[in-house]
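# What the coordinates show
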Amino acid sequence: KQNDGNKHNTVVKYITNLKKIINMAVTNGWLQKSPFVGYKSAYKDVERVYLTLPELKSIEQKEFKMERLRLVKDLFLFQCYTGLAYSDMARLTDKDISAGVDGGKWIIIRRKKTDVRSAIPLLPMALGILSRYQNKGGKPLPCYAIQKFNSYLVEIADLCGVNKNLTSHVGRRTFATTVALANGVSIETISKILGHSSTKITHQYAVVTDLKVSEEMTKLNDKLT
């Protein structure tokens, strides 16, 4: 931790993976005893950054003269309205976009990270972004390398007055929290769209906001009174 500069949760993740390998070695008789017997490690709660609705709208409404910023803005907003991970968005093909069960356009893919099926009905904002890049390069969306994308997002945040560290992950969380959960979409549906293997993972993305708490408690108050 001290040498590599890893944060607490990263260290816990590495140790957890190492414990699995050691336990496998014990099971197979390669080791007599696990050195991790009795050792417990726990993740610390961290602030999960997402955009509020006013922040999201400020980026939507901002006009950029530079083409690279216009593209990165569109790619980020596409994440905010689909929940796609950047790696999945970068490898999209025309074949991944087809008619869904409702007749509308859907993205249907297997996620690169987990190989879990993800089915995403495309909202009007996402469809509008796709329409701007038709017949450009043979792919639905032209994408930068992730490092360059994230560095340009820092510029966009500064120009839009958004005092948050924007990354591609923020777009995914914004979809889960501000676009979906805040508008009544169930955690199970969000999990299906994000391509998670369980809703436990989705809970890390979809943050219950103060606004959501207020709405739920108002409904409860109406029922009680």
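### Digging into the confidence of the model for the protein chain
Summary statistics for the protein chain give a mean pLDDT of 86 and a share of 88% for residues scoring 70 or more. Mean pLDDT per element in the protein chain: helix H9 (residues 199-205) is the minimum at 66, and helix H3 (residues 67-82) is the maximum at 96.

### A closer look at the sheet that holds strand S3 (residues 117-121)
Ordered by their spatial adjacency, 3 strands build an open sheet running S1-S2-S3, and the pairing between neighbours is antiparallel. Across the chains shown, the open sheet's two edge strands, defined by having one partner strand only, are strand S1 (97-99) and S3. Taking each pair of neighbouring strands and ignoring which way they run, the sheet shows an average axis angle of 35°. Both strand S2 (residues 105-110) and S3 contribute to a ladder of 5 bridges, which runs antiparallel. Within S3, the residue paired with Trp 106 across the bridge is Pro 121.

### With respect to the packing of helix H2 (residues 53-61) against H3
Look at H2 against H3: their axes get within 10 Å of each other, and the N-to-C directions meet at 145°. Seen from above, H2 lies across H3 with left-handed handedness. On H3, the residues touching Leu 56, Lys 57, Ile 59 and Glu 60 of H2 are Lys 73, Phe 76, Leu 77, Cys 80 and Tyr 81. Among the residues forming the contact of H2 with H3, the class breakdown is 6 nonpolar, no polar and 3 charged.

### With respect to helix H1 (residues 8-27)
Its 20 residues place the ends of H1 28 Å apart at the C-alpha level, agreeing with the 28 Å of an ideal helix rising 1.5 Å per residue. What H1 keeps buried is the set Asn 9, Val 12, Ile 22 and Ala 25. Remark: Gly 29 follows H1 within two positions and exhibits a positive phi of approximately 80°.

### A short note on the side chain of Asp 74
You can see Asp 74 is positioned in helix H3. Overall, the relative accessible area of 8% leaves Asp 74 in the buried class. Excluding residues within four positions of it along the chain, Asp 74 makes contact with Ile 129, Arg 132 and Tyr 133.

### Comments concerning the pattern of salt bridges
All chains considered together, the criterion is met by 7 salt bridges. Among the ionic pairs, Glu 60 bridges to Lys 57, the shortest N-O distance being 3.4 Å. Placement of both Glu 60 and Lys 57 in helix H2 is noted, with a separation of 3 residues, approximately one turn of the helix. The exposure class assigned to Lys 57 is partly exposed, which follows from its relative accessible area of 33%. Residue Asp 115 pairs with Arg 110 through a salt bridge whose shortest N-O separation is 3.4 Å. The exposure class assigned to Asp 115 is partly exposed, which follows from its relative accessible area of 48%. The network of salt bridges with shared partners includes Asp 88, Arg 91 and Arg 111.

### Some details on the nonpolar core
If you look at the biggest cluster of nonpolar residues, it comprises 44 residues, and the most contacted ones within it are Ile 59, Phe 76, Phe 78 and Ile 107. Breaking this core down by element, the ones donating at least two residues are H2, H3, helix H4 (86-90), S2, helix H5 (124-132), helix H6 (146-160), helix H7 (168-180) and helix H8 (187-194). The greatest single-element share of this core, amounting to 9 residues, is contributed by H3. Ignoring sequence-local partners within four residues, the contact set of Ile 107 consists of Phe 78, Leu 84, Leu 92, Asp 96, Ile 97, Ser 118, Ala 119, Ile 120 and Leu 122.

The rules we used
Residues numbered from 1 in each chain as written. Predicted model: local features only at pLDDT ≥ 70, side-chain atom pairs only at ≥ 80, totals over all residues. Heavy atoms only, no water. pLDDT = per-residue confidence, 0-100. Helix = DSSP H or I, 4+ residues; strand = E, 2+ residues; numbered from the N terminus. Pairing = 2+ DSSP bridges. Axes fitted to C-alpha atoms, helices over the stretch in contact; angles between N-to-C directions. Left-handed = near helix turned anticlockwise from the far one by under 90°. Contact = heavy atoms within 4.5 Å. Nonpolar A, V, L, I, M, F, W, Y, C, P; charged D, E, K, R; others polar. Expected span 1.5 Å × (residues − 1). Buried < 20%, exposed > 50% of the residue type's maximum accessible area, 1.4 Å probe, protein only. Salt bridge = Lys/Arg side-chain N within 4 Å of Asp/Glu carboxyl O. Core = buried A, V, L, I, M, F, W, Y, C linked by side-chain atoms within 4.5 Å.

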